[in-house]
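Descriptive analysis of the structure
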Amino acid sequence: ERAKLAEANLKSARLNRTKCSEADLKSADLSNAFLEDAILQEACLDGATLHEAELLRTALFKTSLVSAKLTSAKITGAGLVAANLSNAVLDWAVITDVAFKAAILVGVS
């Protein structure tokens with residue numbers, strides 16, 4: 001809980017059944033990471049890179065993804081409830097069965 005991983009290199013990381021509250025992953029590189037059944041509640045992923053990452057049944061409740069780069073990411077069965085994706089880049093992302101309830105999507109491309 002409350003992990004401080006700002007600017008961390010987590011390329012190709014596998015986070016299965018991980019639970020983190022208020023994690024600081026600002027500007028972290030999660031390219032090709034695989035998150036399955038993970039819970040990141042009130043986490044900060046502002047400016048993070050999730051290029052070709054796969055998020056399977058991952059909960060990102062009240063998580064900030066401002067200006068995050070999710071290019072070619074695969075997001076399936078995720079919960080982005082009250083998440084802030086302002087100015088996030090979702091080019092070529094595949095998004096299936098995702099809950100965006102109360103999510104902020106201003107400036108998403």
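Quick note: structure is the one above.
Summary of the structure given here. Sequence order as written defines the numbering, with residues in each chain counted from 1. Only residues with pLDDT of 70 or above have their local features reported here, since the model is predicted, and side-chain atom pairs are shown and tallied only from 80 upward, although totals for entire chains, interfaces and linings are computed over all residues. As a convention, hydrogens and water are excluded, and side-chain values are obtained from all of the structure's heavy atoms.

1. Overview of the overall build of the chain
Every helix listed is a DSSP run of H or I at least four residues long, and every strand listed is a run of E at least two residues long, numbered separately from the N terminus. Helix and strand content of the chain: zero helices and seven strands. Secondary structure elements of the chain occur, N-terminal to C-terminal, as β-β-β-β-β-β-β. Taken over the C-alpha trace, the chain has a radius of gyration of 12 Å; the compact-globule value for 109 residues is 13 Å, and the two agree within 12%. Accessibility here uses a 1.4 Å probe with only protein chains present; expressed as a share of the type maximum, an area under 20% marks a residue as buried, one over 50% as exposed, and anything in between as partly exposed. Expressed as a percentage of its 109 residues, the buried residues of the chain come to 39%. For the chain, restricting intrachain contacts to residue pairs at least 6 apart in sequence, the fraction spanning at least 24 positions comes to 0%. Within these notes, the globule rule equals 2.2 Å times the number of residues to the 0.38 power, and the radius of gyration is based on C-alpha atoms. Only heavy atoms matter for contacts: two residues are in contact if any of them lie within 4.5 Å across the pair.

2. Side note on a nonpolar patch on the surface
The patch calculation keeps residues exceeding 30% relative accessible area without a salt bridge and links them within 9 Å when they carry like charges or within 5 Å when they are nonpolar (Val, Leu, Ile, Met, Phe, Trp, Tyr). Here the Shrake-Rupley method, with its probe set to 1.4 Å, supplies the accessible areas, and only the displayed protein chains count as covering residues. In what follows, salt bridge is the name for a side-chain nitrogen of Lys or Arg lying within 4 Å of a carboxyl oxygen of Asp or Glu. A cluster of nonpolar side chains, namely Ile95, Phe100 and Leu105, defines an oily patch on the protein surface of about 220 Å² accessible area. When you line up the elements, Phe100 lands in the segment after strand E7 (94–96).

3. Some remarks on unusual backbone geometry
For Asn32, which is not a glycine, the phi torsion comes out positive at approximately 60°. Topologically, Asn32 is positioned in the loop between strand E2 (19–21) and strand E3 (34–36). Judged by its relative accessible area of 39%, Asn32 falls in the partly exposed class. Positive phi values are uncommon outside glycine, yet Ser72 reaches one of about 60°. Topologically, Ser72 is positioned in the loop between strand E5 (54–56) and strand E6 (74–76).

4. Focus: the pattern of salt bridges
Evaluated as defined, the whole model comprises three salt bridges. In this structure, Lys11 and Asp29 form a salt bridge, with 3.7 Å as the shortest nitrogen-oxygen distance. With Lys11 in the segment before strand E1 (14–16) and Asp29 in the loop between E2 and E3, the pair connects residues that are 18 residues apart, well separated along the chain. Here Arg57 ties to Asp37 by a salt bridge, and the two come within 2.8 Å at their closest N and O atoms. In this pair, Arg57 sits in the loop between E5 and E6 while Asp37 sits in the loop between E3 and strand E4 (39–41), placing the two residues 20 residues apart along the sequence.

5. A closer look at the side chain of Thr63
Among the structural elements, Thr63 can be located in the loop between E5 and E6. Identification of polar contacts relies on pairs of N or O atoms within 3.5 Å, with a donor-acceptor requirement for protein atoms, meaning one able to donate a hydrogen and the other able to accept it, and with residues adjacent in sequence counted only if both atoms are side-chain atoms. Within polar-contact distance, the side chain of Thr63 engages the backbone oxygen of Leu40 at 2.8 Å.

6. Regarding the sheet that holds E1
Strands are treated as partners if at least two bridges between them are detected by DSSP. Taken in spatial order, the five strands of this open sheet run E1-E3-E5-E6-E7, and their pairing is parallel. If you trace the sheet from one side to the other, it starts and ends with E1 and E7, each paired once. Taken pair by pair, the neighbouring strands of this sheet meet at an average axis angle of 5°, ignoring direction. Alignment of E5 against E6, held across three bridges, turns out to be parallel. Where helices are involved, their axes are fitted lines through C-alpha atoms of the stretch in contact, as for all axes, and angles between N-to-C directions lie from 0 to 180°.

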